[in-house]
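Chain and residue survey
Below, each chain spelled out in residue letters.
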Amino acid sequence: MPQKLLARRVIFFGLFVLLAFLAVATRFWYLEVVHASQYQALAKQDYLRKLPIPAPRGNMVTADGVTVATSKPSWTVYYLNRGGPMPTAEAERLAQYLGVPVSSVISVVQHGLDTLPAYEPIAITSGLTPAQMTAIEENISELPNIRIQPVAVRSYPFGSVMGNIIGFVSQINSAQYQKLRNQGYTMTSIVGSSGLEAEYDQYLHGHSGGQYAEVNRQGQLVQLYGQTVPTPGDTLHLTINWRLEQTAQDALQYVMQAMQKTTNPTAHSPTADRGAVIVLDPNNGNVLAMVSLPSYNPNDLVPSDLKRRYQYYTQLLQDPLHPMLIRPIQGLYSPGSIFKPLMAVAALASHVVTPTTEIFDPGYYPKLPSMHNWYAPGFGWINLEQAIGLSDDTFFYTLGYEMGISVMDKWIQAFQLGEKTGIDLPGEVPGRVPTPALFQQETGEPWTWGDNLNTVIGQGISQYTLIGLARAEAAIANGGTLYWPHLVSEITSPEGKVVKVFHPVVQGHIDVPPDIIKTVQQGMVMSAQDPNIARGVSGTGYGALAGFPLPVASKTGTAQLAGNPNNAFFVTYGPMPHPSILILVYIRGGEWGADSGFVARAIYDQYFKVDDPTAKAVFDGVFGPNYDWPFSYHQGSQTGAP
């Protein structure tokens, strides 16, 4: 072989070896230096498992310092997932110690295998009893894939009181995880599903911690390592006054039961089985109490007990009374005569009448005699203030006829009844403004002037939310300002640092001269306080508020629904002339709006701290002598309700 050819081959071979060495070195550097931490982590996945420690959700605390939602310690059983189903023998032993069917254990584990990331520990159940914990710990050698871990479980100390307003929590689902995983959520996170729990979940959920466990190739525990401590969620400080909240729920339930059971035929309402209450500070929009009945107990929907949760959730969904509905924000209602004060503002501002204008009421509307007044004899000549106090239909039929639907719709929109209020609860729906186009669409008939008469008294196709009506009535109470209604005043961190403050938000103004508002207010004062407005007839609110020692205003409403029982409404505010509280009561199937006013009286007793000795006699006068009045304020008690 020529010398030059041999030399070239030696050089080529040397270069080949050098390049191969450089390639290996480069790959080694790439694996061991550039991506060292990544591959170390991947290697550790073979023997390190993270036992999640969910963060305690933040508390909810009322304005008077009562904790209504919190977290309590609970022991949870985890399956240390090693990539396959739990061995049958182990599942059978665990089911025996838990006292549940083995199928339940297998089902929960399989669900976790189907939904959680690979090798993620699977929570089987929480809330272990001492007996269950002892049985598992004493036989842990038979349960190589099982570990017990303390976690914080959601707790609601007062059960169903305010239950559907507070809401409930659930295990995060796949869609939620994909949306929230960059915000500190994991596949084991608990999230709010309704009510305040859902609305403020980003503040309440906190950040999970965990403890690391070393396991061998068979998935058995070798040793435990240190843990990362979870960060609790923030605290919601509610505008709710707990004493008023309890009283509102107790009083609503009490009055509905009295309506169902009374033998007085004029007050007997066997269908009075659901209702709602809203209590506002009309000067800033703070919600002081909110009730929706029937309610539910969110403790029975905590994800720690899957069997109980499923059974209870199914029961709630099948309940014909719809306890999961938040009636103040999700129901639409024809408001009846509590709509009249708003239309009185519209008529005065549109110069259809003046405060001194008198209209003759013969007991029906002369242009359409089939439209009767609720008081058949009629009240004769009366002015606007008297018409409000007496809830005179004939007077308002005249206003509706003179204004027409265009003017009425203008003022309905001014009170923002067709819009959502933006209250800090999920699921609010907008109101339904009664336009001729909507009427044509729904009935196939053209709008006529007779439909104006129904609209002005809150009937026909008019439908609004209770929170929208409360905001509108509050604008009359405070002189014309529409405030954003809200239930949270402040959010603080676990260390007590202020995270967010909610200030009053003005959403609009009713742009009318102050005298117009004062005229309407005076009519509502007469409704609540005047025993003889015309022809010996008292104000319609007087029947429930007679003898109450502070000056208040009110308006009653009885909405007649075709083929259904009447709906009863009552709105009131006080003390006059500078009200600090507004109450709206709704009872489905209530015979008369006036009778629902006793719910408001009970709330007034607590708010104003009134020992109310006249209330029982007034209550007995409507429902009979078989009822106590348990709502008078007594010093030192949170509530006078039983």
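Considerations on empty space enclosed by the protein
The final tally for this structure, using the stated rule, is one cavity of 30 Å³ or more. Lining the largest cavity are Leu280, Asp281, Pro282, Gly285, Arg471, Ala474, Asn478, Thr481, Tyr483 and Pro485. Sorting the residues of the lining of the largest cavity by element identifies helix H18 (466-478) and strand S17 (481-483) as the ones contributing at least two each. Top contributing element to the lining of the largest cavity by residue count: H18, with three residues. Here the residues of the lining of the largest cavity are counted per class, giving five nonpolar, three polar and two charged.

Examining the pairing of strand S5 (residues 146-155)
Burial runs high along S5: eight of the ten residues are buried. Looking at chain direction, strand S3 (residues 67-79) and S5 are connected through ten bridges and run antiparallel. The residue bridging Thr76 from the neighbouring strand is Gln149, located in S5.

What to know about the packing of helix H15 (residues 393-414) against helix H17 (residues 449-456)
Viewed as axis vectors pointing N to C, H15 and H17 meet at an angle of 105 degrees, and their least axial separation amounts to 7 Å. In terms of orientation, H15 and H17 fall into the roughly perpendicular class. Contact residues: H15 offers Phe396, Tyr397, Gly400, Tyr401, Met403, Gly404, Ile405 and Met408, while H17 offers Trp449, Asn452, Leu453, Thr455 and Val456. Looking at the contact of H15 with H17, its residues break down into nine nonpolar, four polar and no charged.

Some remarks on the packing of helix H13 (residues 340-349) against helix H19 (residues 514-529)
In helix packing, the relevant descriptors are the interaxial angle and the interaxial distance, both defined with respect to the helix axes. Relative to each other, H13 and H19 sit at 145 degrees, their axes nearing to 10 Å. Relative to H19, the crossing made by H13 is right-handed. Each of Pro341, Ala344, Val345, Leu348 and Ala349 in H13 lies in contact with H19, whose residues at this interface are Ile516, Ile517, Thr519, Val520 and Met524. The residue inventory of the contact of H13 with H19, partitioned by class, reads nine nonpolar, one polar and no charged.

Observations regarding the environment of Thr435
Here Thr435 is to be found in the loop between H15 and helix H16 (436-443). A relative accessible area of 27% places Thr435 in the partly exposed class. Leave out the neighbours within four places in its chain, and Thr435 touches Asp409, Trp447 and Ile461. At a separation of 3.1 Å, a polar atom in the side chain of Thr435 contacts the main-chain amide nitrogen of Leu438.

What counts, and at which threshold
- Residues numbered from 1 in each chain as written.
- Predicted model: local features only at pLDDT ≥ 70, side-chain atom pairs only at ≥ 80, totals over all residues.
- Heavy atoms only, no water.
- 1 Å grid on protein atoms, 1.4 Å probe; cavity = no way out; pocket = protein on both sides within 12 Å on 5 of 7 lines; lining within 4 Å.
- Points joined across faces, edges and corners; volume = space filled by probe spheres on them.
- Helix = DSSP H or I, 4+ residues; strand = E, 2+ residues; numbered from the N terminus.
- Nonpolar A, V, L, I, M, F, W, Y, C, P; charged D, E, K, R; others polar.
- Buried < 20%, exposed > 50% of the residue type's maximum accessible area, 1.4 Å probe, protein only.
- Pairing = 2+ DSSP bridges.
- Axes fitted to C-alpha atoms, helices over the stretch in contact; angles between N-to-C directions.
- Parallel < 35°, antiparallel > 145°, perpendicular 65-115°, else oblique.
- Contact = heavy atoms within 4.5 Å.
- Left-handed = near helix turned anticlockwise from the far one by under 90°.
- Polar contact = N/O pair within 3.5 Å; in protein donor to acceptor, adjacent residues only side chain to side chain.

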